[in-house]
Protein chains: 2
Amino acid sequence: MTDVLEHTAALEQMVREMIDAVADRWTMLVLEALEEHGEVRFTRLAELVGGVSQKMLTKTLRQMERDGLVVRTVHPVIPPHVEYRLTDMGLSLSEAFCGVWQWVEAHQERVQVAREEFDARPKVMVAAK
Amino acid sequence: MTDVLEHTAALEQMVREMIDAVADRWTMLVLEALEEHGEVRFTRLAELVGGVSQKMLTKTLRQMERDGLVVRTVHPVIPPHVEYRLTDMGLSLSEAFCGVWQWVEAHQERVQVAREEFDARPKVMVAAK
DNA sequence: TTCTGTACTTACCAAATGGAAACCTTGAAA
DNA sequence: TTTCAAGGTTTCCATTTGGTAAGTACAGAA
């Protein structure tokens, strides 16, 4: 019993950790870029993602590499030549996100409308009798 | 042409905004809790989500309400009685996230292994000749 | 008359986030 | 011999994030 509780607690913690890692702005955008373009170099990836600083791109890629989502291939030449591509796991994650991307594309207008309505609404509301 | 570019830029911005809003730790957990439990009161929701502060729960719920993902129903009694439930849009988003949840559950072990391997790996690696 | 329950709101504060920009490495080209 | 390239790393710094704790509102119970 205690084992089960501890196990579910540990799993729960792992799930949250993974959500934090995976449901990240730059991670999602890198995932998408790599899915679309296959193997890509660092600078090119920065262009594809757009608006990302070197620091954040490096950090994001390292994290993804650690989690087994991308492979980093260093060609020991000068100037450096480094390529990134998705692993099978990375690819499957990007497929799992497909539904979310589609949702965002399909609902962005409705969200925009909802926001405008909310902002236009008086601040104090009570349920009608 | 300029119109098209501007339009895609605006859409791109909206997509990022929505990713930021939607791919949020607490948002995802609230979404899941409300999908599982239907209409729920504030304090109960805090229990279901677990580990969330009042401040963050309020903030998250307000954001979700603004985006049209949840409905907030205030019953004007004392002490206050407030219920939250998903809208159709909220429900469809939680369904869109289904794939991600499944991915996380299915791959957490592999991710853990990948991390251990990465951490055990020497720091400097070059592509083999 | 003080206490309780519920759903906040606010003030305060420490920690984390993340951008900008400078610096680094090394071989080759100008 | 200065410059450049690619892919970082590091430092500095402002902003954001988010937790804790206290305050608020108000009717009914004790």
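Residues numbered from 1 in each chain as written. Chains lettered and ligands numbered in written order. Predicted model: local features only at pLDDT ≥ 70, side-chain atom pairs only at ≥ 80, totals over all residues. Heavy atoms only, no water.

Attention now goes to the relation of the copies chain B and chain A. Between the two copies of the chain lies a rotation about an axis combined with a shift along it. Note on the identical chains: chain B maps onto chain A by a rotation of 180° and an axial translation of 0.0 Å, with an RMSD of 0.1 Å. Look at the turn and shift together and you get a two-fold axis relating the two. The C-alpha atom lying nearest the rotation axis in chain B is that of B:A23; the distance is 2.5 Å. An overlap of 100% is found between the interface residues of chain B and their copies at the interface of chain A, pointing to a shared contact surface. (Least-squares fit on C-alpha atoms with pLDDT ≥ 70 in both. Contact = heavy atoms within 4.5 Å.)

On to the sheet that holds strand β3 (residues 81-86) of chain A. All names here are of chain A. Overall, antiparallel pairing links the three strands, which are arranged β1-β3-β2 in an open sheet. On the outer flanks of this sheet lie β1 (40-41) and β2 (70-75), each paired with one strand and no other. Summarising the sheet, β2 and β3 pair through six bridges and their orientation is antiparallel. For H75, the partnering residue across the bridge sits in β3 and is H81. Across the sheet, helix α4 (residues 54-66) touches β2 and β3, and the angle it forms with β2 is around 115°. (Pairing = 2+ DSSP bridges. Helix = DSSP H or I, 4+ residues; strand = E, 2+ residues; numbered from the N terminus. Axes fitted to C-alpha atoms, helices over the stretch in contact; angles between N-to-C directions.)

Before going further, it helps to examine the protein's contact with DNA strand C. Around DNA strand C lies a shell of 18 residues, among which A:K55, B:T43, B:Q54, B:R72 and B:Y84 are the nearest. Close to the protein, within 4 Å, the atoms of DNA strand C are drawn from sugar and phosphate at a rate of 63%. Between DNA strand C and A:S53 there is a distance of 2.9 Å, counted from a phosphate oxygen to a side-chain nitrogen or oxygen. Contacts to DNA strand C include B:V82, whose backbone N or O atom sits 3.4 Å from a phosphate oxygen. If you list the elements that add at least two residues to the surface near DNA strand C, you get α4 of chain A together with α3 (42-49), α4 (54-66) and β3 (81-86) of chain B. Residue contributions to the surface near DNA strand C peak at four residues, all from α4(B). Residue composition of the surface near DNA strand C, grouped by class: nine nonpolar, four polar and five charged. (Near = heavy atom within 4 Å. Polar contact = N/O pair within 3.5 Å; in protein donor to acceptor, adjacent residues only side chain to side chain. Nonpolar A, V, L, I, M, F, W, Y, C, P; charged D, E, K, R; others polar.)

Looking now at the protein's contact with DNA strand D. Taken together, 16 residues lie around DNA strand D, and A:T43, A:R72, A:Y84, B:S53 and B:K55 are the ones closest in. Atoms of DNA strand D within 4 Å of the protein belong to the sugar or the phosphate in 64% of instances, the rest to bases. Taking A:T43, its side chain carries an N or O atom lying 2.6 Å from a phosphate oxygen of DNA strand D. Separating a phosphate oxygen of DNA strand D from a side-chain N or O atom of B:S53 is a distance of 2.7 Å.

For the structure shown, the criterion picks out 16 salt bridges over all chains. We note a salt bridge from B:D119 to A:R66, for which the minimum N-O separation is 2.4 Å. In this pair, B:D119 sits in helix α6 (residues 98-120) while A:R66 sits in helix α4, so the two residues belong to two different chains. Via salt bridges that share partners, A:E17, A:D67 and B:R115 belong to a single interconnected network. (Salt bridge = Lys/Arg side-chain N within 4 Å of Asp/Glu carboxyl O.)

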